[in-house]
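# Coordinate analysis (summary)
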Amino acid sequence: MGARVIFTNANLVDGDHPAQPGSCVVVDGNRISSVGTSPVDAVETDRVIDLAGRALMPGLFSSHYHGHGQFGAPAWVAITALKTAEETLLSGFTSAIAAGSPGYVQASIARAINEGIYPGPRITVSSRDLSATANNIDLLEPWYEKNESPFSNRIRCADGPDAFRHAIRDEVAHGAQIVKLLVSGGHGALTPKNRMELSQDELDM
């Protein structure tokens, strides 16, 4: 455990109970060690923050996180993704589920965060967007502008159950913890929302 941070006079919002004014929360290293309304005796190494009635709440959780920053060269994707991770944490989000990961960058970003190299939220790493050929995202980029680089192609196309099995296993080998599938049109896509992008056999793979 590291040095303690003691938050006093907090209006605690925990998501389960009404706001609790006059709360005291002690954070020891990266763990909340105590929560209550009784004062805590501070020692010289403690950092005491008097919130003067301001709200204090647990970290937020993003369940749809596009943390890959911007598209471009591999180094640029990684650098902007690190900046996005830091800004996400400073905005109050301590956990995030990635929704697509061009260039497999999220696995490396999550590792850097987990090993304390760079600040950011706890990230559940996603695969690249996975769907069949000529799906709604695939149609956004003309075929003659495509190349095989995973950094320029945010989507991975596969066709048939066996191809999907291979693609998913390969995404997992690159660090994916969850797989993002584009199943239908809609959601700002070029194709109508009732168009199925995947066959049932591909979904059952």
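Structure first, text after, so check above.
Position numbers for residues count from 1 along each chain, tracking the sequence in the order it is written. The model is predicted, so local features are restricted to residues of pLDDT at least 70 and side-chain atom pairs to those at 80 or more, both for listing and for counting; the totals for chains, interfaces and linings are taken over all residues. Side-chain figures throughout are based on the complete set of non-hydrogen atoms in the structure, without hydrogens or water.

## Some thoughts on the nonpolar core
Threshold: Remark: nonpolar core denotes a set of buried residues (Ala, Val, Leu, Ile, Met, Phe, Trp, Tyr, Cys) joined through side-chain atoms within 4.5 Å. Working definition: with a 1.4 Å probe on protein chains only, accessible area under 20% of the residue-type maximum means buried, over 50% means exposed, and in between means partly exposed. Counting from the N terminus, the helices are the DSSP runs of H or I reaching at least four residues and the strands are the DSSP runs of E reaching at least two. By the convention used here, residues are in contact when the closest approach between their heavy atoms is within 4.5 Å.
Formed by Tyr65, Val77, Ala81, Ala85, Ala96, Ala98, Val105, Ile109, Ala110, Ile113, Ile123 and Val125, the largest nonpolar core amounts to twelve residues. Elements represented by at least two residues in this core include exactly helix H1 (74-90), strand E7 (93-98) and helix H2 (105-114). Counting residues per element, this core draws most heavily on H2, which supplies four residues. Those residues in contact with Tyr65 that lie beyond four places of it in its chain are Thr84, Ala85, Thr88, Ala96, Ile97, Ala98, Ala99, Gln106 and Ile123.

## Brief notes about empty space enclosed by the protein
Worth spelling out the cut-off: In the cavity and pocket records, a cavity denotes points on a 1 Å grid over the protein atoms alone where a 1.4 Å probe fits but cannot get out, a pocket denotes an open set with protein on both sides within 12 Å along at least 5 of 7 lines, and lining residues are residues with an atom within 4 Å of a point. Grid points are joined across faces, edges and corners, and a volume is the space filled by probe spheres set on the points. Polarity classes work like this: nonpolar for Ala, Val, Leu, Ile, Met, Phe, Trp, Tyr, Cys and Pro, charged for Asp, Glu, Lys and Arg, and polar for all others, with Gly in that last group.
This model, assessed by the stated rule, comprises one cavity of 30 Å³ or more. Space inside the largest cavity adds up to approximately 40 Å³. The wall of the largest cavity is formed by Ser101, Tyr104, Val105, Gln106, Ala107, Val125, Ser126, Glu171, His174, Gly175 and Ala176. Top contributing element to the lining of the largest cavity by residue count: H2, with three residues. Here the lining of the largest cavity is composed, by residue class, of five nonpolar, five polar and one charged.

## Here we look at the sheet that holds strand E10 (residues 155-157)
Within a sheet, neighbouring strands are paired by backbone hydrogen bonds and run either parallel or antiparallel to one another. For clarity, the threshold we go by: Pairing between two strands is assigned when DSSP locates at least 2 bridges connecting them. Note on geometry: axes are lines fitted to C-alpha atoms, helical ones only across the stretch in contact, with angles between N-to-C directions running from 0 to 180 degrees.
Pairing is parallel across the open sheet formed by three strands, whose spatial order is E10-E9-E11. Looking along the sheet, the strands with just one partner apiece sit at the ends: E10 and strand E11 (178-181). Going from strand to strand, the sheet's axes swing by 40° on average, the running direction of each strand aside. Relative to E10, strand E9 (residues 126-131) is paired through three bridges, and the arrangement is parallel. For Leu130, the partnering residue across the bridge sits in E10 and is Arg156. In this fold helix H3 (residues 161-173) packs onto E9, E10 and E11, with an angle of close to 160° to the strand it touches most, E9.

## Things to note about the pattern of salt bridges
Our working definition: Salt bridges, as used here, are contacts in which a Lys or Arg side-chain nitrogen is within 4 Å of a carboxyl oxygen on Asp or Glu.
Here the structure, examined in full by the defined rule, presents nine salt bridges. With its nearest N and O atoms 2.9 Å apart, the salt bridge here joins Arg111 to Glu115. Exposure remark for Arg111: the relative accessible area of 56% places this residue in the exposed category. Note that Arg156 is salt-bridged to Glu171, the shortest N-O span being 2.9 Å. Of this pair, Arg156 sits in strand E10 while Glu171 sits in helix H3, placing them 15 residues apart in sequence. For the pair shown, Arg156 and Glu171 are each scored as buried. A single network of salt bridges, built from pairs that share partners, joins Arg128, Arg156, Asp170 and Glu171.

## Regarding a nonpolar patch on the surface
The condition is simple: Each patch groups residues whose relative accessible area exceeds 30% and which form no salt bridge, using 9 Å between like charges and 5 Å between nonpolar side chains of Val, Leu, Ile, Met, Phe, Trp and Tyr. Using a 1.4 Å probe, accessible areas were evaluated by the Shrake-Rupley method; residue-level cover was limited to the displayed protein chains.
Together, Val13, Met57 and Leu60 line one region of the surface with nonpolar side chains, adding up to about 230 Å² of accessible area. Among the structural elements, Met57 can be located in the loop between strand E5 (55-56) and strand E6 (60-65).

## Description of the side chain of Gln106
Counting through the fold element by element, Gln106 comes out in helix H2. Look at Gln106 and you get buried, because its relative accessible area is 0%. Setting aside anything within four residues of it in sequence, one finds Gln106 in contact with Tyr65, Gly67, His68, Ala98, Ser101, Ile123 and Val125.

## Describing the side chain of Ser101
The following threshold applies: Nitrogen and oxygen atoms within 3.5 Å of one another constitute a polar contact, given that in protein one can donate a hydrogen and the other can accept it, and given that sequence-neighbouring residues count only through two side-chain atoms.
When you line up the elements, Ser101 lands in the loop between E7 and H2. Of the polar contacts made by the side chain of Ser101, one reaches the backbone nitrogen of Gln106; its length is 3.1 Å. When residues no more than four places from it in sequence are discounted, the contact partners of Ser101 are Gln106, Ser126, Ser127 and Arg128.

## Focus: the layout of surface pockets
Its volume calculated, the largest pocket comes out at about 880 Å³. In terms of lining, the largest pocket is formed by 24 residues, of which the most central are Asn30, Ile32, Pro58, Gly59 and Thr94. Secondary structure elements with two or more residues in the lining of the largest pocket: strand E1 (4-12), strand E2 (20-28), strand E3 (31-36) and H1. Take the lining of the largest pocket: its biggest share by element is three residues, from E3. Across the lining of the largest pocket, the residue classes tally to 14 nonpolar, seven polar and three charged.

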